[in-house]
Amino acid sequence: EKLATQIIKNLQIKITSIHIRYEDAITDASSPISVGVTLAELSLQTADECWTPCIMSDNAKIIYKLVRLDCLSVYWNVNSLLCCQDSREQILVQLKGGIASGAHEPKHYQYIFRPISASAKLRINPSAEAVLNSPKINLDMEVQSIDIEMTKPQYLSIIDLLESVNYMVRNAPYRKYKPIVPLHTNAGTWWKYAVTGILEVHLRRKYRMWSWDHIKRHRQNLKAYKVAYKNKLTQTKPSEELLKQLQVLENSLDIFNITLARQQAHVEVIRSGHKMLGKKGKEKQSGGWFSSFWGKKESKKDEDEDKSVPESINDLLTTEEKTKLYTAIGYSESSHNLVLPKEYVAHVISFKLVTTSITIREEPNVPEIVNVQIIDLSTSVFQRPGAQGLKVEARLHHWYVTGLKQQGTVPSLLASLGGTESSLLNVCFEMNPEGSNADQLLNVQSQPVELIYDARTINSLVEFFQTNRGLDLEQLTSATLLKLEEFKEKTATGLSYIIETRKTFDIQINFKPSYLVVPQTGFYNPTSNLLILDFGSLQLNSIDHNDLKATSPTLSLEEILQRAYEKFVVELRSVQLLFSEPGQDWKSARKQHSSSQHILQPLDVKMQLSRAIVEKDSRIPKFKVSGELPLVHIKMSDQKLRSVCQLADSIPLPPTLSSTSSPVRPKIVHVRPVEAFDPRLVVIGSSASLEESSSLGSEEEFSDAREGAVVPSRAAVADEAQQEDNETPSEELTDLQLKFEVKEVVIELSRQGSQEKPLLVFSVSQLGTEVNMRTFDLTSISYLKKINCDYCEFPDDQNQKLHLISCVDPIGSDLLKVEYIKIDKNSPHFKKNQDTTEQTLKVAVSSLNFLLHAKALLSTINFLTTAIPSGSTASTEKDHETKLLDQGQEKGDAAKKVLKSSKDVDFKLLAMMDAFNITVCDERRNIADIRVQGLDASISVQSKETQVFARLRDIIVTDVDSKTRHKKAVSIVGNEVFSFNVTLYPNAIDDENYADMSKVDGKITLRVGCIQIIYLQKFLMSLLNFFDNFQTAKEALSAATAQAAEKAASSVKDFAQKSVRLAMDINLKAPVIIIPESSISMNALVADLGLITVQNRFTLIPGEQFSVPPVLDVMDVNLTQLKLSRTMLQTSPAQADIEILQPINLQLIVQRNLAAGWYHNIPSVEIKGDLKTINVVLSEEDLTVVMKVVEQNLGEGSKKTSSAKALKDEGKQKDKDPNETTKLEKIVGSGSSAADQLKEMIKGGAADVINVQLNFEIKEVTVELRKIMNKAKNPFLVFHVVQLGTETKVRNHDLSATAYLKKIGLNCCEFSDSNNKP
């Protein structure tokens, strides 16, 4: 150490005129580049106490060194003039002329780092450790300015060069086989190069490694190299022959084996007692002479070991030579052996950067897009060798960012808000800190900053970094040596030991609240509306570690596991969102808890983070995160909501690259040969790409095989892989455990008048989630306890708020629970479980109450319609349509891919809802109660099958009118409303299975229970009057229907060329409709619509010679037991129904031509049906009931209440925006055009094609009127029709229909003719 000090004392260095240049005209011949580093001067001089350069005297106790760096720069010239073709003298002249200095800066040089000048002052006190009053080394560095600048051409050329280098790295393994002849007229040579490269690099090399000759030759080379290297170590001057032998052997060995042989040679020489004389200093394991300045003293044990290896200066020089050297440099061998105190600071390094400028611009000499200014950045390092302590302090005083100049002003994007007396950022990191029990300490303090969004600057910056080059830089990975993981103790004793001996980390981070200002139109000026997002203050503190290391034998395992964590507390306070109009003081409102400018009231979040000390223990999660958010309160008025939407629409978005402008390189798929090589012997990464395999390790990684060895079969390899999977350890580690809960979320909508009046309050209570992330699975459980929506503008009859949405579950139960499970297919437990499901989603909803209050809903709709502007809806819809079109193309391409065959379930969804109640009312009375119970649904997705199931158990619609006697307007007769099951088989019908009619694209099974409907015109009209108030909703529904028709037209186009086969099994118990005479009468008509069944089958059309035969879908539709009767409701004992229409049966056969798009020999749809007999018997009582139904039941509904009219008028109070009307007409118009398009497409191509053919016949119709004669019901009139039918054909441009009637008769049975017949 003293010798190094003396050398530094007498050392002076001066380096001038350094220029390193790289030129490239290959990457882009039209735009050559030159990249270089220049340095004008670097000097190290001896100085006196006043830092004046001088020659140091021998008696000086303190060494002063002055370091100066002058004009260090980096340039990147685009479209540069190249000098590589010039002569050596001309190149030297140009290189010297390109070196920047203080008086000269080369023209036409595009600098990335402009010339940098710096100075440093080094103060060395060799005897400081004896006095302990000053540091041993004090280095003070200062840089006045660093200017970094980049233009768009420079950025693009950097990207091109990186891509070129990437291609060169890929080509490196094959370059030695590359021919030197041109490609033209030498195709065979180049094909041979491709084949040879693949065989030599990827196949033959790996097989060659397994031969015994190769292994024997490798061992002989290794032994020969070790012997030769031992000779080199024991010789002062190795011979030429020995060095040449070493060079030849090193060319045949890799770095790993060379290092191994050298280490073995070192050990054998030391054990033999010989001295190592050959170039020991380069191979010495110590840090050198200067290592003592930065590290602790070497231990005595190490010194004793080093004595056996004579590698010091004493072995190189004789006594006389050492005396002459020491006398020349004034060196003495006396030294002090001190034990330094822990608080003594031996080394101090200070660095100060006065200004830093980072500029991004499109072209040189144009206004910059972004300019970043960093003012006064300083760093200090203090080292305490006695305590092995290190302290690093960094301080940043100010930070400014400006944007693109516009409207004569340079906008500010980021600015420091702290005063001159405080720093923007203070960072302090300390190892083995004084006065703390922690092993490491980190302290970060930050002052607030102001961020202002400037749209033009951000858009220009995004456009700057966008390229059309299609860059595909790959991350090249290298092979690493295997590590032996340490065995972790699982017992309580082992855990206690780890807890007591671990290193603790004390963190204290405090960020003052900063905020982001988003102005309207994206440019800040005092007269614009502002949206202010306050990020709040962030504090992160570690929990005190004093008691965590204290363990006791009496502690239980659970208590020890709780102590096995480093814990931190994160607090985020006063996060808020404000909206300010011109003239409002938002800076004062930001400091208040609540104001009229607040959108999001200040919220606080507190979280606790825990990091496990023991990493490989299944009982201890690696990370634990728990936290809660007490309240999220959002308050918006209609005027504020409208202004925020206008502000968002006024900001221009960054440009997006067109998909056609950037050509995409095709992805090369490397297919492995069937029997080319053993997949176990070649480890070339997951994608088996040739580029990745070129980065493999040495040849010596492979062994134990002969040349010409038989490659194992695929079955043997699969069996071995399966065996390896079974041997995988079953222990799973928990990576993350998360628990977070939001106590309450309140969204308050108010109406702006003279003051804000609350209109709607939506609240959610206890919204939380629990996540467990383990090695092979992820489990997430989210829950919601309570939800409410209250209407506050006017109260109900009890002077209470209207509860539009409420829940009635007991306190503590979950209203909504969502459980998500994802299992890795590589999990050892995945195949063992019977239910091999990769992703499972379970959704459970208990019960909800909805109140449909007419006036409240109208008021809410008017509020939202008024508050949310629709100026940008057209552009949004256009973008959405484009996105849908792109998605449709992607889905179409994805549908063509053949899915892998697997029985594993990729995704499963289970949804359950207990019940929800809907109350329909207006301000005068309740209208109806609707209750839906037991809604279940499930979706199961597999590679070859997708199943969808849905079921509804019960639905009840109640008429709450107190005057009516028929309360249940709709009810269920049976166990369930419907049961729906769909099974889809993607790509089940391919070219091979097309003619197999048992193969279908999907199966549909539908079971519908019997629904009993009591038809009261009064109740129906009250519901229609209620829904008739919402004209806006009806118009929106019409628009949605038109858009749906347009999408349906495009969907039919897609399937026009494909015969989709859906097997149907439908069983519908048709509704039973009861029509009373009136709401208070028990006499009624009963219409039982019977039972409807639908089944189909597929057949090939015979006799047609086509490569793809046409398919016919034959559908059997049966309607049975349809009847009409008269009854008396709620009679005891029950009376039998009096039939009016006797049960009839209808049979239909529907034949669909699935190839109607191109096969026109048969109709597209052919319907054949017949009805055997229709018998209608009407008595006087029956006619009386029918007439009363028409007069009383239908008559009650014709009476309109004034309240309904008032509600309707209120719904029409708001005048329609003419733009909205025009837009709606366009949408509806486009919908009608879509419908016409659909019709035209269905019509087909040729004019004589029959689209629809109908053949239907009723065999017999009998209508009999009866009246009481002779105290008995006898026929009065009999109407009789025989064989009533029709034959209809619908073509593209015409329709032809033929109707026929074979026989008709009307007989009066009350009187007889001359033949005594009616």
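Relevant structure appears above.
In this report, the structure presented in the accompanying data block is examined. Counting restarts for each chain, with residues numbered from 1 along the sequence as it is written. Where totals are concerned, whole chains, interfaces and linings use all residues; where local detail is concerned, this predicted model gives features only for residues with pLDDT of at least 70, and gives and counts side-chain atom pairs only at 80 or more. The basis for the side-chain values is all heavy atoms of the structure; hydrogens and waters are excluded.

### A short note on the environment of Tyr64
In step 1: With respect to the helices and strands, Tyr64 occurs in strand β3 (residues 63-78).
In step 2: The spacing of Tyr64 and Gln45 is 19 residues in sequence and 8.5 Å in space, taken between C-alpha atoms.
In step 3: Between two residues, a contact is recorded if the distance between any of their heavy atoms is within 4.5 Å. Once residues lying within four places of it in the same chain are set aside, the contact partners of Tyr64 are Gln45, Thr46, Ala47, Asp48, Glu49, Trp51, Leu122 and Arg123. Under the DSSP-based scheme used, a helix requires at least four consecutive residues in state H or I and a strand at least two consecutive residues in state E, with every element numbered from the N terminus.

### Thoughts on the nonpolar core
In step 1: Throughout, nonpolar core names a set of buried Ala, Val, Leu, Ile, Met, Phe, Trp, Tyr and Cys residues whose side chains join them through atoms within 4.5 Å. Throughout this description, buried means an accessible area under 20% of the type-specific maximum (1.4 Å probe, protein chains only), exposed means over 50%, and partly exposed covers the range between. Grouped together as the largest cluster of nonpolar side chains are 66 residues, with contacts concentrated most on Tyr791 and Leu804.
In step 2: For this core, the element with the highest residue contribution is helix α19 (residues 854-867), accounting for 5 residues.

### Thoughts on the side chain of Ser1179
In step 1: Turning to its location among the elements, Ser1179 is positioned in the loop between β36 (1165-1178) and α23 (1180-1197).
In step 2: For the purposes of these results, a polar contact is taken to be a pair of N or O atoms within 3.5 Å, where, inside protein, one atom must be able to donate a hydrogen and its partner to accept one; residues adjacent in sequence count only when each atom of the pair is a side-chain atom. Only 3.3 Å separates the side chain of Ser1179 from the side chain of Glu1181, close enough to count as a polar contact.
In step 3: Not counting residues up to four positions away in its chain, the partners in contact with Ser1179 are Arg1126, Arg1266 and Lys1273.

### Remarks on the side chain of Asn788
In step 1: Locating Asn788 in the fold gives a position in strand β21 (residues 777-791).
In step 2: We classify Asn788 as buried; its relative accessible area is 15%.
In step 3: Not counting chain neighbours up to four residues away, the residues in contact with Asn788 comprise Val761, Phe762, Ser763, Ile805, Ser806 and Cys807.

### Looking at the packing of aromatic side chains
In step 1: When the centres of two rings from Phe, Tyr and Trp lie within 6.5 Å, Trp using its six-membered ring, the rings pair. Their planes under 30 degrees apart give stacked, over 60 give edge-to-face, and anything left gives tilted. Within this structure, the stated rule accounts for 11 aromatic pairs.
In step 2: Centre to centre, the rings of Tyr515 and Trp586 are 5.4 Å apart; their planes meet at 75 degrees, and the pair counts as edge-to-face. Here the residue Tyr515 occupies a position in strand β13 (residues 505-519), and Trp586 occupies one in helix α15 (residues 586-590), the gap between them amounting to 71 residues.
In step 3: What makes Tyr515 buried here is its relative accessible area of 4%.
In step 4: Note on Phe850 and Phe916: the rings are 6.3 Å apart at their centroids and 85 degrees apart in plane angle, and the pair reads as edge-to-face. In this pair, Phe850 is assigned in strand β24 (residues 837-853) and Phe916 in strand β25 (residues 905-921), connecting sequence segments 66 residues apart.
In step 5: Among the aromatic residues, those joined into a cluster by ring pairs are Tyr75, Tyr109 and Tyr111.
In step 6: The ring of Phe464 is capped by Lys152, whose NZ or CZ atom sits 6.0 Å from the centre of that ring. Definition used: whenever NZ (Lys) or CZ (Arg) falls within 6 Å of the ring centre and also within 35 degrees of the ring normal, the charge is taken to sit over that ring.

### Details of the state of the cysteines
In step 1: Whenever a pair of cysteine sulfur atoms sits within 2.5 Å, that pair is classed as a disulfide. The tally for this structure, following the rule as stated, stands at 0 disulfides.
In step 2: Cysteine Cys54 remains unbridged, with the sulfur of Cys50 as its closest cysteine sulfur at 9.7 Å.
In step 3: Given the relative accessible area of 28%, Cys54 is considered partly exposed.
In step 4: Cys792 forms no disulfide, and the closest cysteine sulfur to it belongs to Cys789, at a distance of 8.7 Å.
In step 5: What makes Cys792 partly exposed here is its relative accessible area of 21%.

### Structural notes on the pairing of strand β27 (residues 946-959)
In step 1: Here, strands pair whenever DSSP counts at least two bridges between them. Summarising the sheet, strand β26 (residues 926-942) and β27 pair through 13 bridges and their orientation is antiparallel. Residue pairing for β27: Ser940 is matched across the bridge by Gln947.
In step 2: Pairing between β27 and strand β28 (residues 968-984): 9 bridges, direction antiparallel. Among the inter-strand pairings, Thr958 is bridged to a residue of β28, identified as Lys968.

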